[in-house]
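# Fold and contact review
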There are 2 protein chains.
Amino acid sequence: MRYELYYWPTIQGRGEYVRLALEDAGADYVDAARRANGMNRMMKMMDASKGTPPFAPPFLKAGKLVIGQTANILLYLGPRLGLAPKAEAQRLWVHQLQLTIADFVVEIHDTHHPLGPTLYYEDQRPSAKKRTGEFWSERVPKFLGYFERLIGASGGPYLNGRRLCYADLSLFQIVEGLRYSFPHNMNRFARKVPHLIALHERVAARPNIKAYLASDRRIPFNEDGIFRHYPVLDR
Amino acid sequence: MRYELYYWPTIQGRGEYVRLALEDAGADYVDAARRANGMNRMMKMMDASKGTPPFAPPFLKAGKLVIGQTANILLYLGPRLGLAPKAEAQRLWVHQLQLTIADFVVEIHDTHHPLGPTLYYEDQRPSAKKRTGEFWSERVPKFLGYFERLIGASGGPYLNGRRLCYADLSLFQIVEGLRYSFPHNMNRFARKVPHLIALHERVAARPNIKAYLASDRRIPFNEDGIFRHYPVLDR
């Protein structure tokens, strides 16, 4: 089966969590909206009045199925790509981890858009500074501390021990993104989460991930995505 | 099986989406943290260093399983309570709807907490006013317009036609909560989403829901939850 991933063609964004899973598994897929006429097709699929039109990208076309919501796509792909156990209890657990990562992603986005996604960053900079301060003093320790404890309890190197799951790939992206957005803060914080940093290195060294990161399939970080580097927010 | 729901005992919050499903289905459950010593047990289960400790409430204990994340709990309960189809494609679709509702719930919460969940509302009032304005001009039409179109396309009265699913119960709560928080704005907006308003009435009239809403198992809305009524934000 050739999967079709639909996501904004110029940013990593939420599509990246799906790309990392497809890439690590060596799955047959196309990044559909980056192809000729792909954006048009993407917009049309969202406008559909029948079937299961997604609210927003990313969404995945798998045969006749159209699946929206990042964590839902990974719930579907996980067992098929060998990136999640097949048993229900473990599948729910990995999905729960992914949903907690998704909650954190919203808070990362809100550091530069506290007044809402519809205003420009430039129009909400003082609020962004305030929110980013709270983010690093309260929220990063809470979220990353949670994942750090889980990796420690599992014996590592991954969240569930020796077997990688798609949530590990997403945690890799979180570390990668925080390093890009907040190099100063993340560098200081890193020593508090050694297991997480080790997980990041381990994922980065996986052959398929390494090849992906070096390819032009990986869109570079930029200031339109979720992880943005605004030096004034990184003190 | 007697389910145990764990959630903050004094607010509806995210636990309410689970309560509505359990109540509509007439399931055997206890609202565990509202019982004697329940909060202690809840905090201990989150501190667990083994198993699958949840990041935050709500979580559900179902036999030996402990399941966290609201949408994940509903994914598990849905087919068991007759509130979601059993076939994979339809289960994923209902879950996708629930995840989109969850995204909207975050934005509802952020109207009064744009600078982050760790500061008091009183310390972020000007930002809250700004964010609430964007919320009503941009985000409510986008989210509620999406659900309105889906109900219309299905033929109603519910999201998927004549058969109720747990996402319908959650949409009921969204309408209920927006009416509480923003009576003025919601009253004005209601005429744009007639299908959604009809769905709300239909759910409210379901015998088990009606009995629940009249009982003391339903915690009243208050200014500690997600839906808060601050008149200054409702112009």
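Residues numbered from 1 in each chain as written. Chains lettered and ligands numbered in written order. Predicted model: local features only at pLDDT ≥ 70, side-chain atom pairs only at ≥ 80, totals over all residues. Heavy atoms only, no water.

## Overview of the sheet that holds strand β1 (residues 3–6) of chain A
Residues and elements named next belong to chain A. Across the sheet, which stays open at both edges, the four strands sit in the order β2-β1-β3-β4 with mixed pairing between neighbours. Edge positions in the open sheet fall to β2 (29–31) and β4 (65–68), since each of these has one partner strand only. Adjacent strand axes in the sheet meet at a mean angle of 20 degrees when their direction is disregarded. In terms of strand pairing, β1 meets β2 through three bridges, oriented parallel. Paired with Y3 across the two strands is Y29, which belongs to β2. On top of the sheet, helix α2 (residues 38–47) reaches β1, β3 (59–62) and β4; it is set at about 85 degrees to β1, its chief contact. (Pairing = 2+ DSSP bridges. Helix = DSSP H or I, 4+ residues; strand = E, 2+ residues; numbered from the N terminus. Axes fitted to C-alpha atoms, helices over the stretch in contact; angles between N-to-C directions. Contact = heavy atoms within 4.5 Å.)

## Structural notes on helix α5 (residues 125–154) of chain B
Think of an α-helix as 3.6 residues a turn; residues three or four steps apart then line up on the same face. The end-to-end C-alpha distance of α5(B), which contains 30 residues, comes to 40 Å, matching closely the 44 Å that a straight helix rising 1.5 Å per residue would cover. At F135(B), α5(B) shows its strongest bend, of approximately 45 degrees. (Expected span 1.5 Å × (residues − 1). Bend = angle between axes of the 7 residues up to and from the residue.)

## Structural notes on the domain arrangement of chain A
Residue and element names in this part refer to chain A. What the domain assignment lists for chain A is domain 1 (3–81) and domain 2 (88–206). The partner domain 2 presents 14 residues to the 13 residues of domain 1 that form the contact. Where domain 1 abuts domain 2, roughly 1200 Å² becomes buried across the two surfaces, and 69% of that area is made up of carbon and sulfur atoms. In this structure, the connection of domain 1 to domain 2 is made through one salt bridge. The salt bridge partner of R206 is D24, with a shortest N-O separation of 2.7 Å. Along the contact surface separating domain 1 from domain 2 lie two residue pairs in polar contact (both at pLDDT 80 or more). Only α1 (15–24) and α3 (70–80) provide two or more residues apiece to the side of domain 1 that touches domain 2. At six residues, the largest contribution of residues to the side of domain 1 that touches domain 2 is made by α3. (Domains from an automatic or database assignment. Buried area = accessible area lost by both parts, 1.4 Å probe. Salt bridge = Lys/Arg side-chain N within 4 Å of Asp/Glu carboxyl O. Polar contact = N/O pair within 3.5 Å; in protein donor to acceptor, adjacent residues only side chain to side chain.)

## Considerations on the packing of aromatic side chains
The tally for this structure, following the rule as stated, stands at 26 aromatic pairs over all chains. Geometrically, the ring pair formed by Y180(A) and F221(A) is stacked, given 4.8 Å between the ring centres and 10 degrees between the ring planes. Placement of the pair is Y180(A) in helix α6 (residues 166–181) and F221(A) in the segment after α9 (207–213), with a sequence separation of 41 residues. An aromatic cluster is present here, built from F55(A), F104(B), F135(B), W136(B), F143(B), Y146(B), F147(B), F182(B) and F189(B) joined pairwise through their rings. The ring of F55(B) has K142(A) sitting right over it, with the charged end atom 4.9 Å from the ring centre. (Phe/Tyr/Trp six-rings, centres within 6.5 Å; stacked < 30°, edge-to-face > 60°. Lys NZ or Arg CZ within 6 Å of the ring centre and 35° of its normal.)

## Focus: the packing of α3(A) against helix α4 (residues 88–112) of chain B
Where α3(A) contacts α4(B), the axes come no closer than 9 Å and their chain directions differ by 145 degrees. Side by side, α3(A) and α4(B) meet where N72(A), L75(A), Y76(A) and R80(A) of the first sit next to E88(B), L92(B), H95(B), Q96(B) and L99(B) of the second.

## Quick notes on the relation of the copies chain B and chain A
Laying chain B over chain A is done by rotating through 180 degrees and shifting 0.0 Å along the axis; what remains is an RMSD of 0.0 Å. Here the symmetry operator amounts to a two-fold rotation axis. Closest approach to the rotation axis among the C-alpha atoms of chain B is made by P114(B), whose C-alpha sits 2.6 Å away. An overlap of 100% is found between the interface residues of chain B and their copies at the interface of chain A, pointing to a shared contact surface. (Least-squares fit on C-alpha atoms with pLDDT ≥ 70 in both.)

## A closer look at the sheet that holds strand β3 (residues 59–62) of chain B
All names here are of chain B. With mixed pairing, four strands are arranged side by side in an open sheet as β2-β1-β3-β4. In this open sheet, the two strands that pair with only one neighbour each are β2 (29–31) and β4 (65–68). The sheet shows a mean angle of 20 degrees between the axes of neighbouring strands, taken without regard to direction. In this fold helix α2 (residues 38–47) packs onto β1 (3–6), β3 and β4, with an angle of close to 85 degrees to the strand it touches most, β1. Against the sheet, helix α3 (residues 70–80) engages β1, β3 and β4, with an angle of about 125 degrees to β4.

## Section: the interface of chain B and chain A
Contacts between the two partners involve 45 residues from chain B and, on the opposite side, 45 residues from chain A. Buried surface at the junction of chain B and chain A, both sides included, amounts to about 3900 Å², of which 63% is carbon and sulfur. Put simply, chain B and chain A have two salt bridges between them. E88(A) is paired through a salt bridge with R80(B); the nearest N and O atoms lie 2.8 Å apart. Counting every contact that joins chain B to chain A gives 19 residue pairs in polar contact (both at pLDDT 80 or more). Among the elements that take part in the side of chain B that touches chain A, α4(B) stands out by supplying twelve residues, more than any other.

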